[in-house]
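The residues making up each chain are set out below.
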Amino acid sequence: MKKKSIFKYSAQDRMLLTIGYILLGLFVIAIIVPMVYIVVASFMDPITLQNKGITFDFSKWTTTAYERVMTNAQIWIGFKNAVIYSVLFTVVSVVVTLLAAYPLSRADFRGKGFFNIVFMITMFFGGGLIPTYLVVSNLGLVDSMWAVILPGAFSVWNMTIARTYYRGIPQELREAADVDGASELTFFFKILLPVCTPVIAVLTLWQFVGMWNSYFDAMIYLNDSAKQPLQLVLRSILIQNQPESGMIADMQSTAARAQLAELLKYATIIISSLPLLIMYPFFQKYFDSGIMAGAVKG
Amino acid sequence: MKTNSTTVSNVKQGNTSTKLHNSLVYIRQHWQLYVIFMMPAFLLTLIFKYAPMSGILIAFQDYNPFRGVFGSEWVGLKHFTRFMTSPDFMGYLVNTLKLSVYGMLWGFPIPIILAFLLNRIQSTGIKKKIQLVLYLPNFVSVIVLCGLVRIILSVTGPVNLLLGTEINFMTMPEAFRTIYIVSGIWQGAGWASIMYTASLSNASQELKEAAVMDGANILQQIRAVEWPAIKDMVVIQFILQAGNIMSIGFEKAYALQTDLNLPASEIISTYVYRKGLIDGDYSFSTAVGLFNTVINVILLVVVNKIVARMNEGQGL
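Remember, it's a predicted structure, so these values are computed and weren't measured experimentally.

Looking only at helices and strands, one finds 14 helices and zero strands in chain A. In terms of C-alpha radius of gyration, chain A reaches 25 Å, well past the compact-globule figure of 19 Å for 298 residues. Considered along the principal axes of its C-alpha atoms, chain A spans approximately 75 × 70 × 35 Å. Evaluated residue by residue, chain A yields a buried proportion of 37% over its 298 residues. Look at the contacts in chain A between residues 6 or more apart in sequence, and 75% of them connect residues 24 or more apart.

Quick look at the overall build of chain B now. Along chain B, the regular secondary structure elements total 17 helices and two strands. Expected size for 316 residues packed as a compact globule is a radius of gyration near 20 Å; at 27 Å, chain B overshoots this value by more than 25%. Each of the three principal axes of chain B carries a C-alpha extent, and together these read 85 × 60 × 40 Å. Intrachain contacts of chain B at a sequence separation of at least 6 include 68% that bridge at least 24 residues.

Each side of the interface is counted separately: chain A has 76 residues, and chain B has 68 residues. Residue composition of the side of chain A that touches chain B, by class: 52 nonpolar, 18 polar and six charged.

Moving on to unusual backbone geometry. All names here are of chain A. Backbone geometry places D143, a non-glycine residue, at a positive phi of 65 degrees. Among the structural elements, D143 can be located in the loop between α6 (129–138) and α7 (146–149). For N241, which is not a glycine, the phi torsion comes out positive at approximately 55 degrees. Tracing the backbone through its elements, the reader meets N241 in the loop between α13 (230–239) and α14 (254–295). According to the C-beta neighbour criterion, N241 is exposed, with 12 such atoms within 10 Å.

Residue and element names in this part refer to chain B. Partitioning chain B into domains gives domain 1 (2–76) and domain 2 (83–310). Just the C-alpha atoms count here: the centres of domain 1 and domain 2 sit 37 Å apart. Of the residues contributing to the side of domain 1 that touches domain 2, the split by class is four nonpolar, one polar and one charged.

Residues and elements named next belong to chain B. Along the chain, K78 falls in helix α4 (residues 78–85). Judged by local crowding, K78 falls into the partly exposed class, with 16 C-beta atoms found within 10 Å. C-alpha of K78 to C-alpha of S283: the two residues are 205 residues apart in sequence and 9.9 Å apart in space.

Once that is clear, we can look at the packing of helix α4 (residues 73–105) of chain A against helix α11 (residues 197–213) of chain A. When two helices pack together, their arrangement is given by the angle between the helix axes and the distance between those axes. Residues and elements named next belong to chain A. Here α4 crosses α11 at 140 degrees, and the two axes come no closer than 8 Å. Our classification of the angle between α4 and α11 gives oblique. The hand of the α4/α11 crossing is right-handed. Contact residues: A82, Y85, S86, F89, T90, S93, V94 and T97 in α4; I200, L203, T204, Q207, F208, M211 and W212 in α11. Looking at the contact of α4 with α11 residue by residue, the classes come out as nine nonpolar, six polar and no charged.

Once that is clear, we can look at the nonpolar core. A100(A), A162(A) and I143(B) are the most contacted members of the largest nonpolar core, which has 125 residues in total. Per-element accounting of this core gives the leading share, 12 residues, to α4(A). Aside from chain neighbours lying at most four places away, what touches I143(B) is Y215(A), Q231(A), L234(A), R235(A), L238(A), I239(A) and A255(B).

Within an α-helix, residues lying three or four positions from one another point in the same direction, as the helix has 3.6 residues per turn. Across the 10 residues of α6(A), eight count as buried, placing the element largely inside the fold. Buried within α6(A) we find L129(A), I130(A), P131(A), T132(A), Y133(A), L134(A), V135(A) and V136(A). Where α6(A) is buried, its residues contact α7 and α12 (216–221) of chain A together with α2 (31–54), α16 (268–278) and α17 (282–310) of chain B. Two residues or fewer past α6(A), G140(A) is found with a positive phi of approximately 75 degrees.

The topology assignment puts S273(A) in helix α14. Sequence-wise, S273(A) and L263(A) are 10 residues apart; in three dimensions their C-alpha atoms are separated by 16 Å. Setting aside anything within four residues of it in sequence, one finds S273(A) in contact with V140(B) and V144(B).

Here we take up the packing of helix α6 (residues 109–120) of chain B against helix α11 (residues 194–202) of chain B. All names here are of chain B. α11 packs onto α6 with a crossing angle of 40 degrees between their chain directions and a minimal axis gap of 8 Å. Compared by their axis directions, α6 and α11 come out oblique. Classified by chirality, the crossing of α11 by α6 is right-handed. Across from P111, I112, A115, L118 and N119 in α6, the residues of α11 making contact are Y196, T197, L200 and S201. Among the residues making up the contact of α6 with α11, the classes are represented as six nonpolar, three polar and no charged.

All names here are of chain B. The share of residues in chain B with pLDDT of 70 or more is 94%, and the mean pLDDT across the chain is 88. Overall, residues 1–10 carries pLDDT values under 50, and its contacts beyond four positions in sequence, including any with other chains, amount to zero contacts. Two numbers describe this predicted complex: its pTM, 0.88, and its ipTM, 0.89.

What counts and how
Residues numbered from 1 in each chain as written. Chains lettered and ligands numbered in written order. Predicted model: local features only at pLDDT ≥ 70, side-chain atom pairs only at ≥ 80, totals over all residues. Helix = DSSP H or I, 4+ residues; strand = E, 2+ residues; numbered from the N terminus. Rg over C-alpha atoms; globule rule 2.2 N^0.38 Å. Buried ≥ 20, exposed ≤ 12 C-beta atoms within 10 Å, placed from the backbone. Contact = placed C-beta atoms within 7 Å. Nonpolar A, V, L, I, M, F, W, Y, C, P; charged D, E, K, R; others polar. Domains from an automatic or database assignment. Axes fitted to C-alpha atoms, helices over the stretch in contact; angles between N-to-C directions. Parallel < 35°, antiparallel > 145°, perpendicular 65-115°, else oblique. Left-handed = near helix turned anticlockwise from the far one by under 90°. Core = buried A, V, L, I, M, F, W, Y, C linked by C-beta atoms within 7 Å. pLDDT = per-residue confidence, 0-100.

See below:
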């Protein structure tokens, strides 16, 4: 049973709360308005949009922009690559991280100090852009998807979170497994991991979202346009103002082309953001427990 | 003297050899922990983190990719002096610092305030809905965020339409920082409030009720009950952010850059990229990057010391 609030706020407190809630409300509105704007604008007639701004005259709505974006091959190549890279990266990264966190969570593990120091140093000090680029290129990974997947796959920060979570698992589980003579691997996969769902869910979500949304590594390592992930395709449309060839080529005047290019941006934003925005509410229930696990001093 | 030291070393040797023996036994019994569990992470770290560290040597050379690290000429601190005496150096350093210091001054308190407000909302249903909206922008990519900013601020965009003006914000150096920081708060403040909200909901309910019984008003409750519940988290977050002031990210600054706003938007990380991978000046770029990393490490240590002193010896 949840207890009802047992007190009344004083006048001064009520004022403070009102101001606070108004600010909170404004912030929420500030988040929603640009999103609604993009959605509405993506259906509008480009000429009206440019001259009058947004209107709610539904009679003139058009889905041209969506048709043009959806029929563009480069967008789909980008999507396909983004899915491949993000899934592979997430699997590699989460597996490597969960594995490494296990020995380090055990009190008896020999060499714990050594490994901890080796990993900790990389959190604060690194070779930097060019030396890393040279290593990747010497390994022959330029223009290979592994250049995007491997260098960032092991995250020390995430490892710390997983380790802290393991330590919170009751010791009895471990002892029970010892009695049964279970090997490390059996214990880890059959007993430990099943009770770590929140932390696994959070790490999976983070890594997937991180890879899906990043563009820097792909920009420096992948030159072949057939290997570019979605964010790089988006970058040429949204940031560099270079719509993919074929999207606007059939328009006669420069002005019409420019207007259509603007409209395409809105549709591109919607189409590219939808997958994550749909996925994320399903993970929301894990946020608190997963994030708190790592927040405990590691 | 001589005999003394030999006995000491003998004893030491004896100790280390039994220790070594114990370790070997342990490793043989638990080889899976090393080979299966640790190996992948360890190898990735060696290859992609430590191998590049040795590549830092090229900052002290005139590196030639065809001759490699061993064949290139050593030039000492040439690139460092070149960078630090160049007229642009101060500009980039100041841009970097301003962007992150201002970003932190505005951005750091907001998630905490959000958490206090969310914690006061009685209805869990409404609270959940607000949180759903607050976290949403975190899942928008940097490219989409910057695309959004460019659309909204474009000459024919909604902001200019509303104001009845035709200002091109993206080309104004003086607008860059505001754009960067405000869009950063829009995207990140809600997400950053999660950990504070979570620790606040773990705060002792009894303590809070006791405070209310004593007639504490909201500010007193915050001071006596809620602030202590999140204080440690705030300290850790502060040290991490303040210590990482020089490592402000590349992706967003680069995506918001235009040729005309460069006087404010060129920061050290974008400069390293431009010099290194676009101009191909590997050694110079590495030197600039190393300079940045070293400052960053020093800052982190200093901030940690200062905070520890203010916080009764508790730092990271």
